[in-house]
Amino acid sequence: MWHEKDGCERFDELISLYLPERIKAAVRGIKHEYLEELEELRIRAGQPLMGVFAGFDHFIGKDGFLSDNPQFALTISSKEVDNLFMLLCEHSVYAYQDDISRGFITLKGGHRAGICGTVIYEGTVIKGMKDISSVNIRFSRQIKDCARDVFGYIVRNKQDIYNTLILSPPRCGKTTLLRDLCRIVSSGTGVTFKGLRTAVIDERSELAASYRGIPQNDLGPRTDVLDGCRKREGIEIMLRGMAPQVIVVDELGANHDPDAIKMAWNAGVRIIATAHAYGLDDFKRRLNVGQLAAKDGFERIILLGMDNGKRWVKVIDANGNELSGLVKGDRMPDGIHGMHSFRDEAFVKSGREAACIIKTLGDPA
Amino acid sequence: MEILLNLKNRICSLGIPLHAAFEDIGTDKTVELWSEIFLNCGQIMKEQRLDAGSAWKKVISENRGLLPLEQADWDSINDFGELLGKSDRLNQESVLDMARESIALLEKKAEEAMKTKGKLYRNLGALCGAAVVIVLI
């Protein structure tokens, strides 16, 4: 995950800037080969420190030793969680109160910290959170060129692309792929494809990962970012003010999303979007958004999955015809995956929920 | 007082993190000594990842000699940073309003003390003058 130089630097920055001393020491003690696969750090008051490595949970000891036994792990105190929360907020809770009421804080370097505690309501609106009990730090990973192979399938001609929908179960890399597609569409690929003016509606601040207004990820030179804005309002604002050729949105699913997408299509703007789904049929069954995959809807569907640490990508057209059968060779490095190969057969086979469910449903074609 | 208004604007209206708000105020050299204190406090918060209360106390203790204040005044100034940054904008507004009231009170006390002491020294001066005259006669 941290093969790219900037990824390493961003990870180090995160460790030194935000983590309290004991947690910092534990994370720094993790063997490099495992650290490369660290996706999430889960810090809960009164509970053992836990990391998610290439999709697998492991408890982390005070010296960085990984174990499946919580007894060997570093136990986090509630004071440490408080301290971590204040460090994440730069000791300025008010500056992050909008983020906090949405349940996460975007950090320098594009990483994100999900937070849990006691929710404070003002009428029916969440005003904030107090007594923070757990924090989940998700490490941002911009993998440049990960969409290079797929990109060719969504190009209509050198100045246009197809309306494209990326579907996958959670944690299969939808947002990572979308981010890179956005970067390539905006940058262009030279003579074969000129870059297009791209607008990103970054409702959950995950694509650009803007930190105090500055995108932490590279989304290309022709990209404008509307951060923290709902898709419907965002699309309207962008159409009105920025004249984009392509609009990029993450995680379709809200009731009013189809209207917003159609509004863009009516204005002649292409859409690249993602949605949680186990396949095209699953998406079509969804209330409201399902209609976007019908005739005159999305023209290219990119399906993502993972099978025993091996990611796969398929591109199909709106009728379900397969255009590609790319199996990406980015199997997780031997570290964590090797650890799991010593386990019982059932556990190893389970791999990831995503891959299993996709297989069961028999979709994609 | 002007500094507190400035700080309130940066915190409550603009939502700038404390260390940056302190540094912004510190670079404004209208009230030189306090500017220095705010600047140092902002830098300590940023570099040492300290909360406002600890950073403020640290800077104040280092600069005690520079201000002609009494112990009680220092005690109330010392606690200024304690509640900063720990709550939402609305609460921060109250915290800063309280700080302004507390400083206004300090100012009033200082003025009264100045008046009382001024009168005392004037009377003392007159008495000394009279004593000198008596001695000379």
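Everything numeric here is computed off the predicted structure, so don't read it as measured data.

1. Side note on helix α7 (residues 174-187) of chain A
All names here are of chain A.
Line of reasoning, step 1. Across its 14 residues, α7 extends 20 Å between first and last C-alpha, which sits within 8% of the 20 Å expected from 1.5 Å per residue.
Line of reasoning, step 2. Of all the 14 residues making up α7, 13 are buried; the element is thus mostly covered by neighbouring parts of the structure.
Line of reasoning, step 3. Phi turns positive, to about 85°, at Gly188, one or two residues after α7.

2. Some remarks on the pattern of salt bridges
Line of reasoning, step 1. One pass over the structure, following the stated rule, counts 29 salt bridges over all chains.
Line of reasoning, step 2. Linking Glu236 of chain A and Arg240 of chain A is a salt bridge whose minimum nitrogen-to-oxygen distance equals 3.1 Å. Placement of both Glu236 of chain A and Arg240 of chain A in helix α8 (residues 231-241) is noted, with a separation of four residues, approximately one turn of the helix.
Line of reasoning, step 3. Here Glu236 of chain A falls in the partly exposed class, since its relative accessible area comes to 34%.
Line of reasoning, step 4. Its salt-bridge partner being Lys8 of chain B, residue Asp97 of chain B comes within 2.9 Å of it at the nearest N-O pair. Residue Asp97 of chain B is found in helix α6 (residues 89-136), and its partner Lys8 of chain B is found in helix α1 (residues 2-13); the two are separated by 89 residues along the sequence.
Line of reasoning, step 5. Here the salt bridges do not stand alone but share partners, grouping Glu40, Arg42, Arg112, Arg138, Arg204, Glu206, Asp250 and Glu251 of chain A into one network.

3. Examining the sheet that holds strand β2 (residues 50-53) of chain A
Residue and element names in this part refer to chain A.
Line of reasoning, step 1. Strand order in the open sheet formed by seven strands is β4-β3-β2-β1-β7-β6-β5, with antiparallel pairing between adjacent strands. Looking along the sheet, the strands with just one partner apiece sit at the ends: β4 (66-67) and β5 (104-106).
Line of reasoning, step 2. Alignment of β2 against strand β3 (residues 56-60), held across four bridges, turns out to be antiparallel. Pairing of Gly51 across the sheet is with His58, part of β3.
Line of reasoning, step 3. Contacting β1 (38-44), β5, β6 (112-122) and β7 (125-138), helix α4 (residues 78-88) runs over the sheet at an angle of about 105° to β7.

4. Here we look at the interface of chain B and chain A
Line of reasoning, step 1. Each partner contributes to the interface: chain B provides 17 residues, whereas chain A provides 18 residues.
Line of reasoning, step 2. Surface buried jointly by chain B and chain A totals about 1,300 Å² across both partners, of which 50% is contributed by carbon and sulfur atoms.
Line of reasoning, step 3. It is Pro17, Arg49 and Arg89 of chain B in chain B that bury the most area against chain A; as a group they hold 44% of the surface buried on that side.
Line of reasoning, step 4. The tally of links between chain B and chain A comes to two salt bridges.
Line of reasoning, step 5. Among the ionic pairs, Arg49 of chain B bridges to Glu21 of chain A, the shortest N-O distance being 3.6 Å.
Line of reasoning, step 6. Counting the contacts that link chain B with chain A gives 13 residue pairs in polar contact (both at pLDDT 80 or more).
Line of reasoning, step 7. Tallied by class, residues from the side of chain B that touches chain A come to seven nonpolar, five polar and five charged.

5. A short note on unusual backbone geometry
Residue and element names in this part refer to chain A.
Line of reasoning, step 1. A positive phi is found at Asp145, a non-glycine position, where the angle reads about 75°.
Line of reasoning, step 2. Among the structural elements, Asp145 can be located in the loop between β7 and α6 (148-154).
Line of reasoning, step 3. Using a relative accessible area of 40% as the deciding quantity, one classes Asp145 as partly exposed.
Line of reasoning, step 4. Although it is not a glycine, Arg212 adopts a positive phi angle of roughly 50°.
Line of reasoning, step 5. Here Arg212 shows up in the loop between β11 (198-202) and β12 (223-227).

6. Remarks on the confidence of the model for chain A
Line of reasoning, step 1. Confidence along chain A averages 85 in pLDDT terms, with 86% of residues attaining 70 or more.
Line of reasoning, step 2. Confidence drops under pLDDT 50 across residues 341-365 of chain A; counting only partners more than four residues distant or on other chains, this segment forms 43 contacts.

7. A closer look at the packing of aromatic side chains
Line of reasoning, step 1. Here the structure, examined in full by the defined rule, presents eight aromatic pairs over all chains.
Line of reasoning, step 2. Aromatic side chains Trp265 of chain A and Phe298 of chain A sit 5.1 Å apart centroid to centroid with 75° between the ring planes, which places their arrangement in the edge-to-face category. Residue Trp265 of chain A is located in helix α9 (residues 257-266), and its partner Phe298 of chain A is located in the loop between α10 (280-284) and β15 (300-307); the two are separated by 33 residues in the primary sequence. As far as the burial class goes, Trp265 of chain A and Phe298 of chain A line up, both buried.
Line of reasoning, step 3. Aromatic pair Phe38 of chain B and Phe80 of chain B: ring centres 6.5 Å apart, planes at 75°, arrangement edge-to-face. Of this pair, Phe38 of chain B sits in helix α3 (residues 32-48) while Phe80 of chain B sits in the loop between α5 (71-78) and α6; the two residues are 42 residues apart in sequence, bridging distant segments of the chain.
Line of reasoning, step 4. Residue classification places Phe38 of chain B among the buried residues on the basis of a relative accessible area of 3%.
Line of reasoning, step 5. Among the aromatic side chains, those forming a connected cluster through ring pairs are Phe22, Trp34, Phe38, Trp56 and Phe80 of chain B.
Line of reasoning, step 6. The ring of Phe104 of chain A has Arg112 of chain A sitting right over it, with the charged end atom 3.7 Å from the ring centre.

8. Digging into the side chain of Arg179 of chain A
All names here are of chain A.
Line of reasoning, step 1. Inspection of the secondary structure assignment puts Arg179 in helix α7.
Line of reasoning, step 2. In this structure Arg179 is buried but unpaired, with Glu206 as the nearest side chain of opposite charge at 6.1 Å.
Line of reasoning, step 3. Here the side chain of Arg179 touches Glu206 through a polar contact of 2.7 Å, landing on its backbone oxygen.
Line of reasoning, step 4. Look past the residues within four positions of Arg179 in its chain and what remains in contact with it is Arg141, Gln142, Glu206, Leu207, Asn217 and Leu219.

9. Some remarks on α1 of chain B
Line of reasoning, step 1. Its twelve residues give α1 of chain B an end-to-end C-alpha distance of 16 Å, which sits within 8% of 16 Å, the value for a rise of 1.5 Å per residue.
Line of reasoning, step 2. One or two positions beyond α1 of chain B, positive phi appears at Gly15 of chain B, with a value near 65°.

10. Some details on the layout of surface pockets
All names here are of chain B.
Line of reasoning, step 1. A volume near 820 Å³ is recorded for the largest pocket.
Line of reasoning, step 2. What lines the largest pocket is a set of 30 residues, among which Trp34, Ile77, Ser102, Ile103 and Leu106 lie closest to the centre.
Line of reasoning, step 3. At the level of secondary structure, the elements contributing two or more residues to the lining of the largest pocket comprise α1, α3, α5 and α6.
Line of reasoning, step 4. No other element matches the eleven residues that α6 contributes to the lining of the largest pocket.

Parameters and conventions
- Residues numbered from 1 in each chain as written.
- Chains lettered and ligands numbered in written order.
- Predicted model: local features only at pLDDT ≥ 70, side-chain atom pairs only at ≥ 80, totals over all residues.
- Heavy atoms only, no water.
- Helix = DSSP H or I, 4+ residues; strand = E, 2+ residues; numbered from the N terminus.
- Expected span 1.5 Å × (residues − 1).
- Buried < 20%, exposed > 50% of the residue type's maximum accessible area, 1.4 Å probe, protein only.
- Salt bridge = Lys/Arg side-chain N within 4 Å of Asp/Glu carboxyl O.
- Pairing = 2+ DSSP bridges.
- Contact = heavy atoms within 4.5 Å.
- Axes fitted to C-alpha atoms, helices over the stretch in contact; angles between N-to-C directions.
- Buried area = accessible area lost by both parts, 1.4 Å probe.
- Polar contact = N/O pair within 3.5 Å; in protein donor to acceptor, adjacent residues only side chain to side chain.
- Nonpolar A, V, L, I, M, F, W, Y, C, P; charged D, E, K, R; others polar.
- pLDDT = per-residue confidence, 0-100.
- Phe/Tyr/Trp six-rings, centres within 6.5 Å; stacked < 30°, edge-to-face > 60°.
- Lys NZ or Arg CZ within 6 Å of the ring centre and 35° of its normal.
- Lys, Arg positive; Asp, Glu negative; His and termini not counted.
- 1 Å grid on protein atoms, 1.4 Å probe; cavity = no way out; pocket = protein on both sides within 12 Å on 5 of 7 lines; lining within 4 Å.
- Points joined across faces, edges and corners; volume = space filled by probe spheres on them.

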